[in-house]
Amino acid sequence: MFRIPDDIAQTALERSEGFQVEGFVRGEGPESPTLLLVGEAPGEHEAVHGVPFIGRAGDELMKSLASVGLSREDVYMTSSFRSRPYKWGTKKERDGSLTKRKYNRPPTQKEQLAHAPVLDYEVANLKPKLIVTLGNIGLQRLLGKHAKITTLHGQLLTQPVQYLKSLNDTRYSWTDHSYTILPTFHPASIFYRPSLRTDLEEDWLRIGEYIQGLNYNALE
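Rules and cut-offs
- Residues numbered from 1 in each chain as written.
- Predicted model: local features only at pLDDT ≥ 70, side-chain atom pairs only at ≥ 80, totals over all residues.
- Heavy atoms only, no water.
- Pairing = 2+ DSSP bridges.
- Helix = DSSP H or I, 4+ residues; strand = E, 2+ residues; numbered from the N terminus.
- Buried < 20%, exposed > 50% of the residue type's maximum accessible area, 1.4 Å probe, protein only.

*Asks:* Explain the sheet that holds strand S5 (residues 98–104) to me, please; I cannot follow it from the model alone.
*Replies:* Sheet strands associate in pairs through backbone hydrogen bonding, adopting either a parallel or an antiparallel arrangement. Judged by pairing direction, the sheet is antiparallel, and its three strands sit side by side in the order S1-S4-S5 without closing on themselves. Sheet topology places strand S1 (21–22) and S5 at the edges, where each strand pairs with a single neighbour.

*Asks:* Teacher, can you tell me more about helix H5 (residues 116–125) here?
*Replies:* Because the α-helix completes a turn every 3.6 residues, residues three or four places apart line up on one side. Judged by how many residues are buried, H5 sits mostly within the fold: seven of ten residues are covered. The complete set of buried residues in H5 reads Ala 116, Pro 117, Val 118, Leu 119, Asp 120, Glu 122 and Val 123.

*Asks:* Got a minute to help me understand the pairing of strand S4 (residues 84–92) in this structure?
*Replies:* Side-chain positions along a regular strand alternate between the two faces of the sheet. Where S1 meets S4, two bridges bridge the pair, whose relative direction is antiparallel. When the sheet's bridge partners are listed, Val 21 is paired in S4 with Pro 85. Here S4 pairs with S5 via seven bridges, running antiparallel. The residue of S5 that forms the bridge with Lys 87 is Tyr 103.

Encoded structure:
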């Protein structure tokens, strides 16, 4: 199993001190995964248990993996930010009373920069057959702000990705090496837009076809 060095995890934690975030979820998976999955950030359940992609979104992701003959053990799961970003809000209880609680929110650019060394290390040291970004946050972390999931999903891209050259940098640089990437929607997206399910399933069909092609070529 692949594990990021403790000093890199510690650096990320120190760089995100003072942000409205909690927990820290390490990536999980083999050293040479079939897929490197790059999501957004841990949610409440992930932050508590320290395991990526559990809960409803995790169940949907497992269905997508199963559709191409893969399981959690075949892939490496990570995200652009490794702690749970939250905001305070109020929830109306059944008895009508209001209680304060934490709600998930997307990570900011500043927060992603703080944890950039973690994803950079994983991208540089893992040997995935394919990088699959899940949603806009993971996609834009690697390919830049111009990248949009609605226009790029399901496309096979081979290009450099963004990384933080120095801890003092406030902007990303581009890697010398090119990576093969296929963007798709975040598994949680279908909870808010059920109409995306067809696109999501077609994207995973393309992912499966790409993997099959690689396996076929390896056997020749």
